[in-house]
Amino acid sequence: MLVRRSRAGASERLPYDCYRDLGPYAGVAAFLADLAAEHPRQAARHAVELRAIVPALDPGAVPAGDEQPIRFYPARRTAALAFGAAEFVAACAVRRPLTVHFVHTDAADETTAELLATLTRRLASAPMILHLHAGGAPEPAVETRPTALRAMLGDSLARGFYHHAARTAQRGRAAVTPETELAHWWSFTTGLATALAALGRADEALQLYAEVQAVTDDPKITMSAAYSTAMLYARHLSAADQDPATARRWLEKALVLADEITDERQRVVSKVFYEQGIALLDSRAGRAEQALALVNSGLAELAAVLGPRERWQDRARLLHNRAQVHLALGDAARALADLDEVVAFDPDNCEYYADRAALHRAAGRTSAALDDYVAAIRLGPHLPEAYYNRATLYEETGRSGAAREDLRRVLAIDPDHLDARVALANVDLARGDLTAAEACVRSAPAGRRDEPALLCTLGLIRSERGALDEADDLLTRALEADPGLAEAWTNRAAVRFERGDAAAAVADLDRAVALSTAAEPRFNRATALMRLERWEEAAADLTAALGVPGLAAGLRREVRAGLNRCRAQASARR
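Residues numbered from 1 in each chain as written. Predicted model: local features only at pLDDT ≥ 70, side-chain atom pairs only at ≥ 80, totals over all residues. Heavy atoms only, no water.

### A closer look at the overall build of the protein
Turning to step 1, where the next piece is worked out: Each helix and strand in the protein was counted, giving 28 helices and five strands.
Turning to step 2, where the next piece is worked out: Across its three principal directions, the C-alpha atoms of the protein cover 95 × 70 × 40 Å.
Turning to step 3, where the next piece is worked out: Sequence separation of at least 24 residues holds for 59% of the intrachain contacts in the protein that already meet a minimum separation of 6.
Turning to step 4, where the next piece is worked out: Across the protein, the mean location of the 70 positive side-chain charges is 5 Å away from that of the 78 negative side-chain charges. (Helix = DSSP H or I, 4+ residues; strand = E, 2+ residues; numbered from the N terminus. Contact = heavy atoms within 4.5 Å. Lys, Arg positive; Asp, Glu negative; His and termini not counted. Charge placed at Lys NZ, Arg CZ, Asp CG, Glu CD.)

### Things to note about helix H16 (residues 350–362)
Turning to step 1, where the next piece is worked out: For H16, built from 13 residues, the straight-helix expectation of 18 Å at 1.5 Å per residue is met to within 8% by its first-to-last C-alpha distance of 19 Å.
Turning to step 2, where the next piece is worked out: Inspection of H16 places Cys 350, Tyr 352, Tyr 353, Ala 354, Arg 356, Ala 357, Leu 359 and His 360 among the buried residues, and these make up the whole buried set.
Turning to step 3, where the next piece is worked out: Packing partners of the buried residues in H16 comprise helix H14 (312–328), helix H15 (332–345) and helix H17 (366–379).
Turning to step 4, where the next piece is worked out: Measuring from the side-chain oxygen of the N-cap residue of H16 to the backbone nitrogen of Glu 351 gives 3.0 Å; that N-cap residue is Asn 349.
Turning to step 5, where the next piece is worked out: Gly 364 lies just past H16 and shows a positive phi near 85°. (Expected span 1.5 Å × (residues − 1). Buried < 20%, exposed > 50% of the residue type's maximum accessible area, 1.4 Å probe, protein only. Polar contact = N/O pair within 3.5 Å; in protein donor to acceptor, adjacent residues only side chain to side chain.)

### Structural notes on the side chain of Thr 490
Turning to step 1, where the next piece is worked out: Topologically, Thr 490 is positioned in helix H24 (residues 486–498).
Turning to step 2, where the next piece is worked out: Excluding residues within four positions of it along the chain, Thr 490 makes contact with Leu 509, Ala 512, Pro 521 and Asn 524.

### Notes on the environment of His 131
Turning to step 1, where the next piece is worked out: Looking at the element boundaries, His 131 is found in strand S5 (residues 128–132).
Turning to step 2, where the next piece is worked out: Excluding its chain neighbours within four sequence positions, the residues that come into contact with His 131 are Thr 99, Val 100, His 101 and Phe 102.

### Notes on the nonpolar core
Turning to step 1, where the next piece is worked out: Ranked by internal contacts, the top residues of the largest apolar core, which has 138 residues, are Met 223, Leu 232, Leu 251, Tyr 274, Leu 407, Ala 488 and Leu 542.
Turning to step 2, where the next piece is worked out: Residue contributions to this core peak at 10 residues, all from helix H10 (residues 219–236).
Turning to step 3, where the next piece is worked out: When sequence neighbours within four positions are dropped, the list of residues in contact with Leu 251 reads Tyr 227, Ala 230, Met 231, Tyr 274, Gly 277, Ile 278 and Leu 281.
Turning to step 4, where the next piece is worked out: Counting residues in hydrophobic clusters, the runner-up holds 34 residues, among them Val 28, Ile 53, Cys 92 and Leu 115. (Core = buried A, V, L, I, M, F, W, Y, C linked by side-chain atoms within 4.5 Å.)

### Examining unusual backbone geometry
Turning to step 1, where the next piece is worked out: Omega for the bond connecting Gly 380 with Pro 381 falls within 30 degrees of zero, at -15°, which places this linkage in the cis form.
Turning to step 2, where the next piece is worked out: Assignment of secondary structure puts Pro 381 in the loop between H17 and helix H18 (384–396).
Turning to step 3, where the next piece is worked out: Of note, the phi angle at Glu 533 is positive, near 60°, even though the residue is not glycine.
Turning to step 4, where the next piece is worked out: Note on placement: Glu 533 falls in the loop between helix H26 (519–531) and helix H27 (535–546).

### Structural notes on the pairing of strand S4 (residues 98–103)
Turning to step 1, where the next piece is worked out: Counting buried positions along S4 yields six of six residues, so the element is predominantly enclosed.
Turning to step 2, where the next piece is worked out: Pairing analysis gives two bridges linking strand S3 (residues 16–17) to S4, with the strands arranged parallel. Bridge pairing in S4 places Asp 17 opposite Val 103.
Turning to step 3, where the next piece is worked out: Looking at chain direction, S4 and S5 are connected through five bridges and run parallel. Bridging from a neighbouring strand, Phe 102 pairs with Leu 132 of S5.
Turning to step 4, where the next piece is worked out: The handedness of the S4 to S5 crossover, carried by helix H5 (residues 110–122), is right-handed. (Pairing = 2+ DSSP bridges. Right-handed = clockwise from strand over helix to strand, strands pointing away.)

### Describing the pattern of salt bridges
Turning to step 1, where the next piece is worked out: For the coordinates displayed, the defined rule picks out 41 salt bridges.
Turning to step 2, where the next piece is worked out: Asp 469 is the partner of Arg 499 in a salt bridge, and the nearest nitrogen-oxygen pair spans 3.2 Å. Remark: Asp 469 occurs in helix H23 (residues 468–481) and Arg 499 occurs in the loop between H24 and helix H25 (502–515); sequence separation between them is 30 residues.
Turning to step 3, where the next piece is worked out: Judged by relative accessible area, which is 43%, Arg 499 ranks as partly exposed. (Salt bridge = Lys/Arg side-chain N within 4 Å of Asp/Glu carboxyl O.)

### Some words on the packing of helix H4 (residues 77–95) against helix H19 (residues 400–413)
Turning to step 1, where the next piece is worked out: Running from N to C, H4 and H19 cross one another at 115°; their axes reach a closest spacing of 9 Å. Every residue of H19 that contacts H4 at Ala 79, Ala 80 and Phe 83 is listed here: Arg 409, Ala 412 and Ile 413.
Turning to step 2, where the next piece is worked out: By residue class, the composition of the contact of H4 with H19 is five nonpolar, no polar and one charged. (Axes fitted to C-alpha atoms, helices over the stretch in contact; angles between N-to-C directions. Nonpolar A, V, L, I, M, F, W, Y, C, P; charged D, E, K, R; others polar.)

### Considerations on the packing of H25 against H26
Turning to step 1, where the next piece is worked out: It is the contact of H25 with H26, at a shortest axis distance of 9 Å, that shows an interaxial angle of 155°. In terms of orientation, H25 and H26 fall into the roughly antiparallel class. Relative to H26, the crossing made by H25 is left-handed. For the pair H25 and H26, the contacting residues are Ala 502, Ala 505, Val 506, Leu 509, Asp 510, Ala 512 and Val 513 in the first and Pro 521, Arg 522, Asn 524, Arg 525, Ala 528, Leu 529 and Arg 531 in the second.
Turning to step 2, where the next piece is worked out: Residues belonging to the contact of H25 with H26 are distributed by class as follows: nine nonpolar, one polar and four charged. (Parallel < 35°, antiparallel > 145°, perpendicular 65-115°, else oblique. Left-handed = near helix turned anticlockwise from the far one by under 90°.)

### A word on the side chain of Ser 270
Turning to step 1, where the next piece is worked out: With respect to the helices and strands, the residue Ser 270 is situated in helix H12 (residues 264–284).
Turning to step 2, where the next piece is worked out: For Ser 270, a relative accessible area of 7% puts it in the buried group.
Turning to step 3, where the next piece is worked out: Apart from residues no more than four positions distant in its own chain, Ser 270 is found in contact with Met 223, Ala 258 and Ile 261.

### A word on the packing of aromatic side chains
Turning to step 1, where the next piece is worked out: Taken as a whole and judged by the stated rule, the model has eight aromatic pairs.
Turning to step 2, where the next piece is worked out: With a centroid separation of 5.6 Å and 65° between ring planes, the pair formed by Tyr 16 and Phe 31 is classed as edge-to-face. Taken together, the positions of Tyr 16 in strand S3 and Phe 31 in helix H1 (residues 28–38) put the pair 15 residues apart, joining distant regions of the chain. Each member of the pair, Tyr 16 as well as Phe 31, is classed as buried.
Turning to step 3, where the next piece is worked out: Centre to centre, the rings of Phe 31 and Phe 102 are 5.6 Å apart; their planes meet at 90°, and the pair counts as edge-to-face. Highlighted residues: Phe 31 in helix H1 and Phe 102 in strand S4, separated in sequence by 71 residues. (Phe/Tyr/Trp six-rings, centres within 6.5 Å; stacked < 30°, edge-to-face > 60°.)

### Points about H24
Turning to step 1, where the next piece is worked out: Along its 13 residues, H24 runs 19 Å from first to last C-alpha, staying within 8% of the 18 Å computed at 1.5 Å per residue.
Turning to step 2, where the next piece is worked out: As for H24, its buried residues are in contact with helix H22 (452–464), H23, H25 and H26.

### Some thoughts on the environment of Leu 479
Turning to step 1, where the next piece is worked out: Here Leu 479 lies in helix H23.
Turning to step 2, where the next piece is worked out: Look at Leu 479 and you get buried, because its relative accessible area is 6%.
Turning to step 3, where the next piece is worked out: In the structure, Leu 479 is positioned 24 residues away from Leu 455 in sequence and 9.2 Å away in space, judged by C-alpha atoms.
Turning to step 4, where the next piece is worked out: Those residues in contact with Leu 479 that sit more than four places away from it in its chain are Leu 485, Ala 488, Trp 489 and Arg 492.

As structure tokens, this is what we get:
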């Protein structure tokens with residue numbers, strides 16, 4: 001790679017071409033590969049995300065599209081990859097100032113555009129300058145050969161780059177017809193449907209599978225289309241459009257067609273796979289025992305026709321399904337045993353560590369939970385939910401500084417993460433940094449600023465600043481949007497109590513107590529009732545608060561002090 005020096009002494013590289021038809025992460029992948037070669041120690045710290053973006057950095061890896069079975073990633077994973085890559089670039093920039101040019105950024109793939117945007121934000125104060133240029137060298141020739149397009153499509157789907165997969169599949173569908181090249185046409189059609197479903201466009205995917213059913217009666221294709229249609233109705237369509245009964249009918253059709261497969265091994269694998277869809281529907285419908293029987297029989301049938309390590313990802317998925325069913329049945333011990341086995345089968349899947357961490361956490365095994373969250377974050381990589389869950393565990397165990405760092409990471413990856421934003425504001429509020437807490441809430445994306453939880457949190461912050469009228473208005477807006485938000489009733493009651501309206505506070509706290517079993521609303525209502533000299537009612541609330549499990553020691557002391565006061569008043573009145 002040619003490098004030239006700018007007059008300021010910083011290295012300046014020849015432009016990287018970001019044109020979308022060069023593939024996912026075009027331009028930025030080459031840039032990251034060059035940096036990784038120059039900074040191998042930093043690259044090793046970010047190996048998972050760099051290898052996901054630049055597969056050539058892992059020469060021993062099997063091409064993603066060649067894996068059997070293929071692992072499908074959620075579309076949001078690219079945001080986490082961009083975060084990790086930006087952290088890597090920022091660490092490299094500290095060591096040497098750099099000016100970098102990217103061309104064709106106006107025609108970049110979504111993965112490239114997302115990473116460039118993340119880099120721009122992350123490097124705002126770093127000694128690295130990015131120049132993003134529209135246009136550039138002549139655009140490369142567009143690939144039109146069906147075989148090459150199928151390989152590109154398989155690679156993009158397997159790596160979770162669904163916008164590129166959708167474009168490739170659309171190009172492939174335009175190049176072939178079902179009458180002349182059915183195998184190619186089916187590959188492009190199901191690939192497009194898979195990409196669209198992953199991108200939240202399941203209704204369009206449904207139309208594609210309806211087209212398949214209309215144009216061919218090939219048994220293998222119609223079997224696969226029937227199963228995929230079922231999963232759209234069971235999982236991917238909007239909640240209002242999901243239809244378990246329709247999903248079950250399509251699964252039953254797929255199972256009938258699977259019965260006709262002559263190869264015993266393939267027949268068993270296909271039927272077991274489709275029966276897991278039935279198990280999902282049974283579990284959701286409250287028939288957990290039936291679901292468990294299907295999963296157990298599936299595991300036994302796979303063991304009978306497969307070798308010990310064959311289709312290990314499929315076996316891991318079945319064990320993971322069984323863990324979920326055991327949880328539904330209230331058997332956490334068996335669920336944990338299943339997850340232990342799942343992790344042994346598939347030790348590189350972040351989802352399994354995150355689920356096991358939740359079980360460890362529920363059982364009070366904090367250290368084991370933290371270990372699993374670390375693994376989930378490393379393998380995700382930078383899984384926002386793992387950061388968030390680890391943050392809440394840190395907060396529960398008194399490590400608010402570590403919690404704050406994890407919550408900041410969540411929002412850097414996913415600014416729309418509402419729970420993380422509220423939690424971060426509350427952490428800042430608890431440490432007395434009202435300015436940081438308010439900035440956190442007000443920096444929410446424009447489309448989220450009227451979320452009831454954010455209005456409630458901002459109302460609390462403004463009340464702490466003494467802006468009681470504004471706080472009351474914010475909390476009222478939160479309650480108008482979500483009357484079931486107990487925290488908003490509690491917080492508005494505190495504002496009205498502070499303004500001297502104890503009766504209004506009690507009215508709000510009546511609503512909060514009806515919605516929440518927590519001790520705080522009852523304690524607060526008791527406080528307001530004592531202001532109104534309604535001592536017996538206050539004592540009843542305090543007694544109930546004292547019985548809440550896990551009551552914090554400081555609040556317990558205040559509750560007992562309030563009870564003593566109520567008893568003293570009762571004695572004085574006799």
